[in-house]
Amino acid sequence: MNMEEPQTPMEPVEPRMPGSLSECTDDSVFADQVPMRLLTRYEYDNTIRDLFGIQTTIARDSFPKENAVAGFENNSDSHKVNPLMMRELMTAAETLAPEGRQFLLAKVSCQSKDSACGQEVLDHLLPRAFRRPLSKDERAIFDALFEEQFALDGFDSAIDRVIEATLLSPQFLYRIELNENRAPGDLVAVDAWEMASRLSYFLWGSMPDEELLQSALDGKLSDPEEIESQTRRMIADPKASDLIFEFYRQWLGLGALDTMVKDGAQYPEWNESMSAAWKASLRAFIDDVHQNRPTVEALLTSTTLHLNAELAPVYGMQADGTGMTGVEMPDDQRAGLLTHPSVMALLAYPSQSSPIHRGIFVRERLLCQKLPSPPDNLEIEPPDPNPTATTREIFQQHSADPACSACHRLIDPIGLGFENYDSLGRFRTTEHGFEVDASGALTNTADRSLEQEFYGAVELADILKDAEEVNDCIADHWFTFAKGHPEKQADMCSAEAIREEFNRSGGNFDDLLVAITTSDAFRFRTLQVQGETP
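About the cut-offs
- Residues numbered from 1 in each chain as written.
- Predicted model: local features only at pLDDT ≥ 70, side-chain atom pairs only at ≥ 80, totals over all residues.
- Heavy atoms only, no water.
- Helix = DSSP H or I, 4+ residues; strand = E, 2+ residues; numbered from the N terminus.
- Rg over C-alpha atoms; globule rule 2.2 N^0.38 Å.
- Buried < 20%, exposed > 50% of the residue type's maximum accessible area, 1.4 Å probe, protein only.
- Areas by Shrake-Rupley, 256 points an atom, 1.4 Å probe, with all protein chains shown as cover.
- Lys, Arg positive; Asp, Glu negative; His and termini not counted.
- Charge placed at Lys NZ, Arg CZ, Asp CG, Glu CD.
- Pairing = 2+ DSSP bridges.
- Arc of directions from axis to C-beta.
- Disulfide = S-S within 2.5 Å.
- Axes fitted to C-alpha atoms, helices over the stretch in contact; angles between N-to-C directions.
- Parallel < 35°, antiparallel > 145°, perpendicular 65-115°, else oblique.
- Left-handed = near helix turned anticlockwise from the far one by under 90°.
- Contact = heavy atoms within 4.5 Å.

Draft legend 1. Representation of the overall build of the chain. A count of helices and strands for the chain gives 22 helices and ten strands. Since a compact globule built from 534 residues should have a radius of gyration of about 24 Å, the 26 Å found for the chain is in line with a globular shape. Seen through its C-alpha atoms, the chain measures out along the principal axes to roughly 80 × 55 × 45 Å. Here the chain holds 534 residues, and 55% of them are scored as buried. About 23300 Å² of surface is accessible on the chain, with carbon and sulfur atoms providing 49% of the total. Counting 46 positive and 90 negative side-chain charges, the chain places the averaged centre of each group 2 Å from the other.

Written as structure tokens, this is what we have:
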């Protein structure tokens, strides 16, 4: 592919900032400034895979962890290079270069290790690594590096040094959208190469593939119909499955499963390998929903549990092998994500369930409500398990404390509705010989029609599965994940249009992702003025 064809320049238009949703008209365009975005560990590993054919977890294993903001690890304001990361980046580049060289030499047609062959390797590597054609000055730097090293140490060493320099270059490590020939403050459409990277890193967490680069080269990625077509193609690709689960991993805080422990005396069925099995079970469930019935309703009401031979006996079922098998569960016991064993186990204490964590989860992750912080002088400690009382009785006494009651009035009525699930996420009707009371109430919602009493998480899921308030919240989480930051004022109109489209589609996730990639917030940007913080 010749990636040096000139692109049709985009005509800039003067930006405006919406003051309210009433200013969101069909002919208005609003978009935020877009800072450089450093590749996350997940994106770095995936890009290495697609650039060099190397399956690696080198970034996830050795780079410093990202700081999560609003639940996500790809925040452009907080994810920065530091000295420790710089050392690890240098080590990774040196480690990956020899294998990368072997991959590149298999991709080019030349056989002799001479200067001309070196140029062919650079022709293949650099535009893909930078996700765009190089400027003449950029190419001259790498040509000079190759020739200098070739003369000193030979062909293989020269290619390795070029690979190392590439992997340490800002053009590779950052997603950079250039302002060349444009005035700061202008509102412009992102160009075709920028759009290719926006799509690939949002939907695959990696670099564009050949088809996406060709579409950019042909100048098609300024057309919303082409963007939708590419989005639907990419959603159907197996790489999207990894990215979708990455969204859930961050949204649900599944990283805590890796270090979770349970009280062995209380739960002798538990062992350390269950965390990996729970995560695999949830991954299989998410894949099932997004590949077969990609709707919020399926996410919140599916009665299918994915179990293997290790997990099945814990939940009173049978399954063979280490692979996950879909098992239909009683519809009065399981309802999708809210009752999935991994989520129930995650939202529990080592020795008992946790109405608090479960109530907060619904408030924050499904209704996007921000709960008040507890008083600074409050020592938060869960009550000890008591074999003479149910968890409901213990926590009702605990939350009677005046210092706690303000928040617990919001949390407990929801969280106590999950009392049918113990710390391993097993369905139960008794606890310590006492009958479980799973009555709950949904209160303080923006949509007052949702405020009602329910019995058990299955009934709660039935209330939430069609709720626009839940769809809006999920759409907002996906928007934050796509943009690398929560909604800003300039995003107001796009975010509202995305919510409306998601609701209009009946909570269809594929349509949600299309709504995001075809939104003004995704297709346009305001050029950053020097000295301004986006």
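Draft legend 2. Region of interest: the pairing of strand 4 (residues 304-307). Taking every second residue as pointing to the same face, both faces of strand 4 are buried, with Thr304 and His306 on one and Leu305 and Leu307 on the other. Two elements, strand 4 and strand 5 (residues 325-328), share four bridges in a ladder whose sense is antiparallel. What sits directly across from Leu305, in strand 5, is Val327.

Draft legend 3. Region of the structure containing helix 18 (residues 457-464). The set of residues buried in helix 18 consists of Ala457, Leu460, Ala461, Ile463 and Leu464. In an axial view of helix 18, the angular spread of the buried residues amounts to 155°, which keeps them on one side of the axis.

Draft legend 4. Up close: unusual backbone geometry. Within the chain, Arg131 stands out as a residue other than glycine whose phi angle is a positive 60°. Take Arg131: it is sitting in the loop between helix 4 (115-130) and helix 5 (136-153). The class of Arg131 is buried, set by a relative accessible area of 3%. Despite not being glycine, Asn444 shows a phi value in the positive range, around 50°. Along the chain, Asn444 falls in the loop between strand 8 (439-442) and strand 9 (452-455).

Draft legend 5. Geometry of the state of the cysteines. Applying the stated criterion across every chain, the model contains three disulfides. With its sulfur 1.9 Å from that of its partner, Cys24 forms a disulfide with Cys493. Judged by the sign of its S-S torsion, about -80°, the bond between Cys24 and Cys493 is left-handed. Within this pair, whereas Cys24 is found in the segment before strand 1 (37-38), its partner Cys493 is found in helix 20 (residues 492-504), the two being separated by 469 residues in sequence. The disulfide partner of Cys368 is Cys473, and the S-S distance across this bridge is 2.1 Å. Sign of the S-S torsion, about 85° for the bond between Cys368 and Cys473, identifies this disulfide as right-handed. In this pair, Cys368 sits in the loop between helix 15 (355-366) and helix 16 (391-398) while Cys473 sits in helix 19 (residues 468-483), placing the two residues 105 residues apart along the sequence. In the chain, numbering the disulfide-bonded cysteines from first to last in sequence yields the connectivity 1-6, 2-3, 4-5.

Draft legend 6. Structural detail: the packing of helix 11 (residues 238-251) against helix 12 (residues 274-292). Across the interface, helix 11 lies against helix 12 with an axial gap of 10 Å and an inter-helix angle of 120°. The pairing of helix 11 with helix 12 is recorded here as oblique in orientation. Crossing geometry of helix 11 relative to helix 12 is assigned as right-handed. Contacts from Ser241, Asp242, Ile244, Phe245 and Tyr248 of helix 11 reach helix 12 at Lys279, Leu282, Arg283, Ile286, Asp287, His290 and Gln291.

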